[in-house]
Amino acid sequence: MDNKETNRWSENVIIADGEYIDKVAFDLIVNFERMIGRRIPKADTARWIDCVALDGGIREGENNTQTVFVHEKNKTEMENFNPGKYADELDGKAFKDHLGEFVMTSVSTEKIASKRDLILDIIAAVCSQKDVKRVMIVPNADDGELYELIQHTLRDVPDEKRVTVFAMQPMPGGNFRQEILGYSLMNALGIKAEEIHD
């Protein structure tokens, strides 16, 4: 894999399946609009990245974090995120806030590799880098076989690397931490806890 994102990794890396997070955001929008009776805007991409970073153990300061959106070649955008266009709005763009600098990359599948293989390759490449301290992975958790392959890929990752895998519900254990994806997406969609618990 000779993509530009493999040349230099940040100390913190977020790897996200673009179609999966877009689908989950859509499902949350539809369900919560009905539940709370108001229109829900698209998810704020930067806010979502911040929430994933916090869930992955990043704290306030001058951190460097790379976010890699992996997507199918025929998909040009995440329709339920703003910004969401892979080539025009995300790839090669960056933002800076109280958690440091975030650089975004989008990587599409080619004919030679499936998205599943591409995600596994990126996970393996990132986890093999000694300078990478934290890895946050947002795979398609509905794909049980992929989840098992991720468990297998992460089994020998050194303990000093903090690896967090995000899913919509607790998954069978592995050599990593787990977080619930829905919390970060609800925050990015502007859904407040008090709206749900009335």
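Asker: Can you tell me about helix H5 (residues 144–154), naming the residues and giving the values?
Answerer: Residue pairs three or four apart in sequence face the same way in an α-helix, which turns once every 3.6 residues. Within the span of H5, buried status applies to Leu146, Tyr147, Ile150, Gln151 and Leu154. Angular distribution of buried residues about the axis of H5 spans 145°; they occupy a single face of the element. Check the buried side of H5 and you find it contacts helix H4 (115–127), strand S7 (134–138), strand S8 (162–167) and strand S9 (177–180). N-cap assignment for H5: the residue whose side-chain oxygen lies 3.2 Å from the backbone N of glutamate 145 is aspartate 143.

Asker: I'd love a proper account of the packing of aromatic side chains, names of residues and values included.
Answerer: Enumeration over the complete set of coordinates arrives at three aromatic pairs. A centroid spacing of 5.9 Å and a plane angle of 80° characterise the contact between tryptophan 48 and phenylalanine 81, whose relative ring orientation is edge-to-face. Of this pair, tryptophan 48 sits in helix H2 (residues 45–55) while phenylalanine 81 sits in strand S4 (residues 81–82), and the two are 33 residues apart along the sequence. According to the relative accessible area criterion, tryptophan 48 is buried, its value standing at 0%.

Asker: Got a sec to walk through the packing of helix H1 (residues 18–36) against helix H6 (residues 181–188)? Specific residues and values, please.
Answerer: Orientation of H1 relative to H6, taken along the N-to-C sense of each, is 65°, at an axis distance of 10 Å. The orientation of H1 relative to H6 falls into the category roughly perpendicular. As for how H1 packs across H6, the hand of that crossing is right-handed. Contacts between H1 and H6 involve Tyr20, Ile21, Val24, Ala25, Leu28 and Phe32 from the first element and Leu181, Gly182, Leu185 and Met186 from the second.

Asker: Which residues make up the side chain of threonine 109, and what are the values?
Answerer: If you trace the backbone, threonine 109 turns up in the loop between strand S6 (100–108) and H4. Look at threonine 109 and you get buried, because its relative accessible area is 5%. A distance of 3.2 Å separates the side chain of threonine 109 from the side chain of glutamate 72, its partner in a polar contact. If sequence neighbours within four positions are ignored, threonine 109 has contacts with His71, Glu72, Lys73, Ser114, Lys115 and Leu118.

Asker: Which residues make up the pattern of salt bridges, and what values go with them?
Answerer: With the rule as written, the count across this model stands at 12 salt bridges. Of the charged contacts in the structure, one is a salt bridge between lysine 73 and glutamate 110, with a shortest N-O distance of 3.4 Å. Separated by 37 residues along the polypeptide, lysine 73 in the loop between strand S3 (64–71) and S4 and glutamate 110 in the loop between S6 and H4 bring together distant segments of the chain. Accessibility expressed as a relative area gives 51% for lysine 73, which makes it exposed. Its relative accessible area of 41% is what places glutamate 110 among the partly exposed residues. One salt bridge in this structure joins aspartate 143 and arginine 116, with 2.9 Å as the shortest N-O distance. Of this pair, aspartate 143 sits in the loop between S7 and H5 while arginine 116 sits in helix H4, placing them 27 residues apart in sequence. A residue is classified by how much of its surface remains accessible, and arginine 116, at 25% relative accessible area, is partly exposed.

Asker: Account for the pairing of strand S1 (residues 12–17), naming residues and giving values.
Answerer: Most of S1 sits inside the fold, with six of its six residues counted as buried. Pairing geometry for S1 and S3, over six bridges, is parallel. Note that in S3 the partner of aspartate 17 across the bridge is valine 70. Two strands pair when backbone bridges link them, and S1 and S7 are joined in this way by five bridges, in the parallel orientation. Along S7, the bridge assignment pairs asparagine 12 with arginine 134.

The rules behind the values
- In this convention, every chain numbers its residues from 1, walking through the sequence in written order.
- Reporting of local features is limited, given that this is a predicted model, to residues whose pLDDT is at least 70; pairs of side-chain atoms are given and counted only at 80 or more, and all residues count toward the totals for whole chains, interfaces and linings.
- With hydrogens and water excluded, all non-hydrogen atoms of the structure serve as input to the side-chain values.
- Burial classes: relative accessible area under 20% of the type maximum marks a residue as buried, over 50% as exposed, and values in between as partly exposed (1.4 Å probe, protein chains only).
- A run of H or I in DSSP counts as a helix once it spans at least four residues, and a run of E counts as a strand once it spans at least two, with each numbered from the N terminus.
- This arc is taken over the directions from the axis of the helix to the C-beta atoms.
- It only takes one pair of heavy atoms within 4.5 Å for two residues to be counted as in contact.
- Two N or O atoms count as a polar contact when they lie within 3.5 Å, although within protein this holds only if one can serve as hydrogen donor and the other as acceptor, and sequence-adjacent residues are included solely when both atoms are side-chain atoms.
- Any Phe, Tyr or Trp ring, taking Trp's six-membered ring, that has another such ring centre within 6.5 Å forms a pair; planes under 30 degrees apart are called stacked, those over 60 apart edge-to-face, and the others tilted.
- Here the axes come from fitting lines to C-alpha atoms, over the contacting stretch only for helices, and the angles between their N-to-C directions go from 0 to 180 degrees.
- Here is the rule for angles: anything less than 35 degrees is roughly parallel, anything more than 145 is roughly antiparallel, 65 through 115 is roughly perpendicular, and the remaining ranges are oblique.
- Put simply, a crossing is left-handed when the front helix is turned counterclockwise from the back one by less than a right angle, and right-handed when it is turned clockwise.
- We define a salt bridge as a side-chain nitrogen of Lys or Arg found within 4 Å of a carboxyl oxygen belonging to Asp or Glu.
- By definition, two strands form a pair when at least two bridges between them are found by DSSP.

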